[in-house]
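One letter stands for each residue in the lines below.
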Amino acid sequence: QVQLVESGGGLVQPGGSLRLSCAASGSFFSIYAMGWYRQAPGKQRELVAVITSPGSTNYADSVKGRFSISRDNAKNTVYLQMNSLKPEDTAVYYCNAQIQRAMAGPQFQYWGQGTQVTVSE
């Protein structure tokens, strides 16, 4: 009933930029936080960036100064602007959202299907 749909992944040269989008759809009361995780082959999934409803953000040290996360609450959408991309940024990027389905109800985590980002010549 709740879906996260990602877009914006692709192939880009080192130093280039991409913008990822993730839109939440379905029936829910509120979204507390939305963020991006990534997983490279043979490595654990790691947090890239997260933004909460009050607007606070957190970034992985490896992307600070290069990536920027933002939200459009009216569209239930989170964006990840990725600049100065490096080959080590290559990974599958997953959208994550902490969603409250109903007033006074619990929060649950939801995941998108993942979108491939490849940084290479």
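Everything discussed here concerns the structure shown above.
What comes next is a walk through the structure. Worth saying up front: this structure is predicted, and the values here are computed from it rather than measured.

**So, the overall build of the protein chain**
Helices and strands together make up the secondary structure of the protein chain, namely 0 helices and 11 strands. Secondary structure elements of the protein chain occur, N-terminal to C-terminal, as β-β-β-β-β-β-β-β-β-β-β. In terms of overall size, the protein chain behaves like a compact globule, its C-alpha atoms giving a radius of gyration of 14 Å where 121 residues would be expected to give roughly 14 Å. Projected onto its principal axes, the C-alpha positions of the protein chain cover 50 × 25 × 25 Å. Burial status across the protein chain gives 40% buried among its 121 residues. The long-range fraction of contacts in the protein chain, counting pairs at least 24 apart against all pairs at least 6 apart in sequence, stands at 56%. Accessible area of the protein chain: about 6400 Å², with a carbon and sulfur share of 48%.

**Some words on the state of the cysteines**
Across all of its chains, the model carries 1 disulfide by this definition. Each disulfide pairs two cysteine sulfurs, and for Cys22 the partner residue is Cys95, the sulfurs being separated by 2.0 Å. Between Cys22 and Cys95 the disulfide shows an S-S torsion of about -85°. By sign, it is left-handed. Here the residue Cys22 occupies a position in strand β3 (residues 18–26), and Cys95 occupies one in strand β9 (residues 91–100), the gap between them amounting to 73 residues. Assigned by exposure class, Cys22 and Cys95 land together as buried.

**Quick look at unusual backbone geometry**
Trans peptide bonds make up the majority, and among non-glycine residues the majority have a negative phi. Phi at Ser84 takes a positive value of approximately 50°, unusual for a residue other than glycine. Not every positive phi belongs to a glycine, and Ala104 is a case in point at roughly 70°. Relative to the assigned elements, Ala104 resides in the loop between β9 and β10 (107–111).

**A closer look at the nonpolar core**
Met34, Trp36, Leu80, Met82 and Tyr93 are the most contacted members of the largest nonpolar core, which totals 31 residues. For this core, the secondary-structure elements that each account for two or more residues are β1 (2–7), β3, β4 (30–39), β5 (46–52), β7 (67–72), β8 (77–82), β9 and β11 (115–119). For this core, the leading source of residues is β9, giving 5 residues. Each residue touching Leu80, except ones within four places of it in the same chain, is listed here: Leu18, Arg19, Leu20, Trp36, Val48, Ala49, Phe67, Ser68, Ile69 and Tyr93.

Rules used in this analysis
Residues numbered from 1 in each chain as written. Predicted model: local features only at pLDDT ≥ 70, side-chain atom pairs only at ≥ 80, totals over all residues. Heavy atoms only, no water. Helix = DSSP H or I, 4+ residues; strand = E, 2+ residues; numbered from the N terminus. Rg over C-alpha atoms; globule rule 2.2 N^0.38 Å. Buried < 20%, exposed > 50% of the residue type's maximum accessible area, 1.4 Å probe, protein only. Contact = heavy atoms within 4.5 Å. Areas by Shrake-Rupley, 256 points an atom, 1.4 Å probe, with all protein chains shown as cover. Disulfide = S-S within 2.5 Å. Core = buried A, V, L, I, M, F, W, Y, C linked by side-chain atoms within 4.5 Å.

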